[in-house]
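Given next are the chains, with one letter for each unit.
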Amino acid sequence: MNRRYRKTIIAGNWKMNMTASDTKKYAEEMKKLMTRAKWCETVLCIPSCNLSTAVRAFKDLRISIGAENLYYEEKGAYTGEISAAMLKDLGVKYVIVGHSERRQYFGETDRAVNKKVHAALAASINPIICVGESLEQREAGLTHDWIALQVKSALSGVAADKLRRCVIAYEPIWAIGTGKTATAEQAGEVCSFIRATIRSLYGARVARSVTIQYGGSMNPSNAAELLAQPDVDGGLIGGASLKPEQFVEIVRAANQG
Ligand code: 13P
């Protein structure tokens, strides 16, 4: 973390979990657990059907609400899709774009990711852009090439003054939901590489202002070590964000120091 130049952001990604009633219960639990003073911004990205419930339920806790996906067109005949303007109108502040599960199961391409980033920014929603390599790519020594490609294509055409609103989440695919966390050094190294990639595109001042998260089996016992890396400015947390007491522990780790 480096609080001097950029925000620390701890974000949960509930994926396809939790009903509206579960969401309200979770907020009640959080009221008992959350401590007031906090350095980091706390975000919960949740299923779209429960966004308005969550915006209301988490308002007093000063937890921002994010969506897990959006569609890039403004409006029209796109059955089942949700636009950036619809999210904005609900009070949504963040949106996850290009999660590896969406790339893998729903065919989300780098081009679609880029369009979604533009759509989110145009609606004043902050995109959390996910990038990450597979185990095969890591073992073949392709991690840097792959990550550079994903970062560059996601940010294609994005103006420098918009970069401060973009969050990049480094999520190695082999660490997601596997209980196999990247070591702090591995996470720190790729997050530094991501910042260097942004620096080569936008210069040092912009690069140091961008929040870069790590995601992949982050939990209360490894969070502090991961967040101690200078270029790891937060976490995108799946499994552990479903349990209020674990999520709060990770927020606490980000508030230390
Ligand atoms: P886990 O924390 O469950 O590994 O999930 C990480 C993730 O995919 C967050 O977006």
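This text gives an overview of the structure that appears in the document.

About the criteria used
- Residues numbered from 1 in each chain as written.
- Predicted model: local features only at pLDDT ≥ 70, side-chain atom pairs only at ≥ 80, totals over all residues.
- Heavy atoms only, no water.
- Core = buried A, V, L, I, M, F, W, Y, C linked by side-chain atoms within 4.5 Å.
- Buried < 20%, exposed > 50% of the residue type's maximum accessible area, 1.4 Å probe, protein only.
- Contact = heavy atoms within 4.5 Å.
- Axes fitted to C-alpha atoms, helices over the stretch in contact; angles between N-to-C directions.
- Helix = DSSP H or I, 4+ residues; strand = E, 2+ residues; numbered from the N terminus.
- Parallel < 35°, antiparallel > 145°, perpendicular 65-115°, else oblique.
- Near = heavy atom within 4 Å.
- Polar contact = N/O pair within 3.5 Å; in protein donor to acceptor, adjacent residues only side chain to side chain.
- Nonpolar A, V, L, I, M, F, W, Y, C, P; charged D, E, K, R; others polar.
- Expected span 1.5 Å × (residues − 1).
- Left-handed = near helix turned anticlockwise from the far one by under 90°.
- Pairing = 2+ DSSP bridges.
- Right-handed = clockwise from strand over helix to strand, strands pointing away.

**Looking at the nonpolar core**
Okay, so step 1: Ile 10, Met 30, Leu 44, Phe 58, Ile 194, Ile 198 and Tyr 214 are the most contacted members of the largest nonpolar core, which has 68 residues in total.
Okay, so step 2: What Ile 194 contacts, discounting residues up to four positions off in sequence, is Val 131, Ile 147, Val 151, Ile 168, Tyr 170 and Ile 212.
Okay, so step 3: Ile 9, Tyr 94, Ile 96 and Ile 128 belong to the second-largest nonpolar core, a separate cluster that totals eleven residues.

**Here we look at the packing of helix α5 (residues 110-122) against helix α7 (residues 143-154)**
Okay, so step 1: Close contact between α5 and α7 brings their axes to 8 Å; oriented N to C, the two are set at 40°. Regarding the angle of α5 to α7, the classification is oblique. Across the interface between the two elements, Asp 110, Val 113, Asn 114 and Val 117 from α5 touch Gln 150, Ser 153 and Ala 154 from α7.

**With respect to the site of the ligand**
Okay, so step 1: Around the ligand, the structure places Asn 13, Lys 15, His 99, Glu 171, Ala 175, Ile 176, Gly 177, Gly 216, Ser 217, Leu 236, Gly 238 and Gly 239.
Okay, so step 2: In this structure, an oxygen atom belonging to the ligand sits 2.7 Å away from a main-chain N or O atom of Gly 177.
Okay, so step 3: In the environment of the ligand, an oxygen atom lies 2.9 Å from a nitrogen or oxygen atom belonging to the backbone of Gly 238.
Okay, so step 4: Split into classes, the residues belonging to the shell around the ligand amount to three nonpolar, seven polar and two charged.

**Observations regarding helix α8 (residues 184-202)**
Okay, so step 1: Counted at 1.5 Å a residue, the expected span for α8 with its 19 residues is 27 Å, and the 26 Å between its end C-alpha atoms agrees.
Okay, so step 2: Within α8 the residues assigned to the buried category are Ala 184, Ala 187, Gly 188, Val 190, Cys 191, Ile 194, Arg 195, Thr 197 and Ile 198.
Okay, so step 3: Two residues or fewer past α8, Gly 203 is found with a positive phi of approximately 95°.

**Digging into the packing of helix α1 (residues 20-33) against helix α11 (residues 244-255)**
Okay, so step 1: Running from N to C, α1 and α11 cross one another at 45°; their axes reach a closest spacing of 10 Å. Between α1 and α11, the crossing angle belongs to the class labelled oblique. Along this stretch, α1 crosses α11, giving a crossing that reads as right-handed. In contact with Tyr 26, Glu 29, Met 30 and Leu 33 of α1, α11 contributes Pro 244, Glu 245, Phe 247, Val 248 and Arg 252.

**As for the pairing of strand β2 (residues 41-46)**
Okay, so step 1: Counting buried positions along β2 yields six of six residues, so the element is predominantly enclosed.
Okay, so step 2: Both faces of β2 are covered, namely the face carrying Glu 41, Val 43 and Cys 45 and the face carrying Thr 42, Leu 44 and Ile 46.
Okay, so step 3: As defined by bridge partners, strand β1 (residues 9-13) adjoins β2 across five bridges and the pair is classed as parallel. Residue pairing in the sheet places Asn 13 in a bridge with Cys 45 of β2.
Okay, so step 4: Pairing between β2 and strand β3 (residues 63-67): five bridges, direction parallel. Each residue of the ladder has a partner; that of Val 43, found in β3, is Ser 64.
Okay, so step 5: Since β2 and β3 lie parallel, the crossover through helix α2 (residues 51-57) that links them has a hand, and here it is right-handed.

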